[in-house]
Amino acid sequence: SAVISQKPSRDICQRGTSLTIQCQVDSQVTMMFWYRQQPGQSLTLIATANQGSEATYESGFVIDKFPISRPNLTFSTLTVSNMSPEDSSIYLCSVGREGMGTQYFGPGTRLLVL
Amino acid sequence: GQQLNQSPQSMFIQEGEDVSMNCTSSSIFNTWLWYKQDPGEGPVLLIALYKAGELTSNGRLTAQFGITRKDSFLNISASIPSDVGIYFCAGGTGTASKLTFGTGTRLQVTL
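Residues numbered from 1 in each chain as written. Chains lettered and ligands numbered in written order. Predicted model: local features only at pLDDT ≥ 70, side-chain atom pairs only at ≥ 80, totals over all residues. Heavy atoms only, no water.

Colleague: Quick one: what's the story with the interface of chain B and chain A, residue by residue and with numbers?
Modeller: With 21 residues of chain B at the interface, the matching set in chain A holds 24 residues. Buried surface at the junction of chain B and chain A, both sides included, amounts to about 1,700 Å², of which 55% is carbon and sulfur. Our count for the contact surface shared by chain B and chain A stands at one salt bridge. In this structure, E58 of chain A and K98 of chain B form a salt bridge, with 3.1 Å as the shortest nitrogen-oxygen distance. (Contact = heavy atoms within 4.5 Å. Buried area = accessible area lost by both parts, 1.4 Å probe. Salt bridge = Lys/Arg side-chain N within 4 Å of Asp/Glu carboxyl O.)

Put into structure tokens, the structure is as follows:
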């Protein structure tokens, strides 16, 4: 499995500001995904990060709120824009290879919005 | 979005006991995965299942892909304290697989 790192590991932010989370993989992967895990809850897919094109968002998530970049096969960013306390969650990136059903997760970014 | 139903929601067991948990869906999945999440960590993949009826083991863990493709179960034998955590099932469709996660089972082990 790939080694996945995320930065920052945690942050405390003021409402109305934005935070960009980075996800770095130690090898090229075809598929990268971003998930949100609200306190005490399960994981919900935000979007699939597509290399060289716009991300594919799930129902309930929009590009203006969660812009995503994926400039190459080893790196992606997720921005949480105009934050409110309801955005306090763990944000996780995951990677997979096309043709394989498995995904491997990064350690997560713990965000608290005051 | 859809979530898969996991049961039990939580369980307290004694060290050495066997554990069984399951995951059910109203939809068919082509892949079933089981993850464990420790506090402050991302989920770690335990077992992957790719075929209906498949039974797969990983050490003390055994998981099965239900023949209807709408359910899966995970068994842990002879539990130990480090088994404590939250276990999530996840269903995947297609090879480029987005995953749908279960609601989670919180396992606590007493000595």
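Next comes the rest of the account.
Colleague: Help me get a handle on the pairing of strand 8 (residues 75–80) of chain A, residues and values and all.
Modeller: Remember that side chains alternate between the two faces of the sheet whenever the strand is regular. All names here are of chain A. With six of six residues buried, strand 8 is to be regarded as a mostly interior element. Of the strand pairs in this sheet, strand 3 (residues 19–25) and strand 8 are connected by six bridges, and their pairing is antiparallel. Within strand 8, the position partnered with L19 by the bridge is V80. Sheet topology note: the strand 7 (residues 68–72)/strand 8 ladder contains three bridges and is antiparallel. In the sheet register, S69 faces strand 8, and the bridge partner there is T77. (Buried < 20%, exposed > 50% of the residue type's maximum accessible area, 1.4 Å probe, protein only. Helix = DSSP H or I, 4+ residues; strand = E, 2+ residues; numbered from the N terminus. Pairing = 2+ DSSP bridges.)

Colleague: Describe the pairing of strand 3 (residues 19–24) of chain B, naming the residues involved and giving the relevant values.
Modeller: Residues and elements named next belong to chain B. Judged by which residues are buried, strand 3 turns out to be one-sided: V19, M21 and C23 face inward and are buried, whereas S20, N22 and T24, on the alternate face, are not. Of the pairings in the sheet, the one linking strand 1 (residues 5–7) to strand 3 comprises three bridges and is antiparallel in character. Counterpart to Q6 in the pairing with strand 3 is C23. Note that strand 3 and strand 8 (residues 71–76) share six bridges and pair antiparallel. Residue S20 lies in a different strand from strand 8, and its bridge partner there is N75.

Colleague: Quick one: what's the story with the state of the cysteines, residue by residue and with numbers?
Modeller: Here the structure, examined in full by the defined rule, presents two disulfides over all chains. Note that C23 of chain A is cross-linked by a disulfide to C93 of chain A, the S-S spacing being 2.0 Å. Taking the sign of the torsion about the S-S bond as the criterion, the disulfide between C23 of chain A and C93 of chain A, at about 65 degrees, is right-handed. Placement of the pair is C23 of chain A in strand 3 and C93 of chain A in strand 9 (residues 89–96), with a sequence separation of 70 residues. Exposure remark for C93 of chain A: the relative accessible area of 1% places this residue in the buried category. Across the disulfide from C23 of chain B sits C89 of chain B; the S-S distance is 1.9 Å. One disulfide, between C23 of chain B and C89 of chain B, carries an S-S torsion of 50 degrees and so falls in the right-handed class. Placement of the pair is C23 of chain B in strand 3 and C89 of chain B in strand 9 (residues 85–93), with a sequence separation of 66 residues. C89 of chain B matches C23 of chain B in its accessibility class, with the two residues each being buried. For the unlinked cysteine C13 of chain A, the closest cysteine sulfur is that of C93 of chain A, found at 18 Å. (Disulfide = S-S within 2.5 Å.)

Colleague: With reference to specific residues and values, describe the sheet that holds strand 3 of chain B.
Modeller: All names here are of chain B. Spatially, 1-3-8-7-6 is the arrangement adopted by the five strands of the open sheet, whose pairing is antiparallel. Either end of the sheet is taken by a strand with one partner, and the two such strands are strand 1 and strand 6 (55–58). Across this sheet, the average inter-strand angle for adjacent strands is 15 degrees, counted without regard to direction. (Axes fitted to C-alpha atoms, helices over the stretch in contact; angles between N-to-C directions.)

Colleague: Give a description of the pattern of salt bridges that names residues and reports values.
Modeller: Side-chain pairs of opposite charge can arise where the charged atoms are in close proximity. All names here are of chain A. Enumeration according to the criterion identifies four salt bridges over all chains in this entry. Two residues, D87 and K65, come together in a salt bridge whose shortest N-O distance is 2.7 Å. On the criterion of sequence distance, the pair formed by D87 in the loop between strand 8 and strand 9 and K65 in the loop between strand 6 (56–57) and strand 7 is long-range, its members being 22 residues apart. Residue class for D87 comes out buried when judged on its relative accessible area of 5%.

Colleague: Describe the nonpolar core, with residues and values.
Modeller: If you look at the biggest cluster of nonpolar residues, it comprises 26 residues, and the most contacted ones within it are W34, I46, F66, I68, L78, Y91 and L111 of chain A. For this core, the secondary structure elements donating two or more residues are strand 3, strand 4 (31–37), strand 5 (43–49), strand 8, strand 9 and strand 11 (109–113) of chain A. (Core = buried A, V, L, I, M, F, W, Y, C linked by side-chain atoms within 4.5 Å.)

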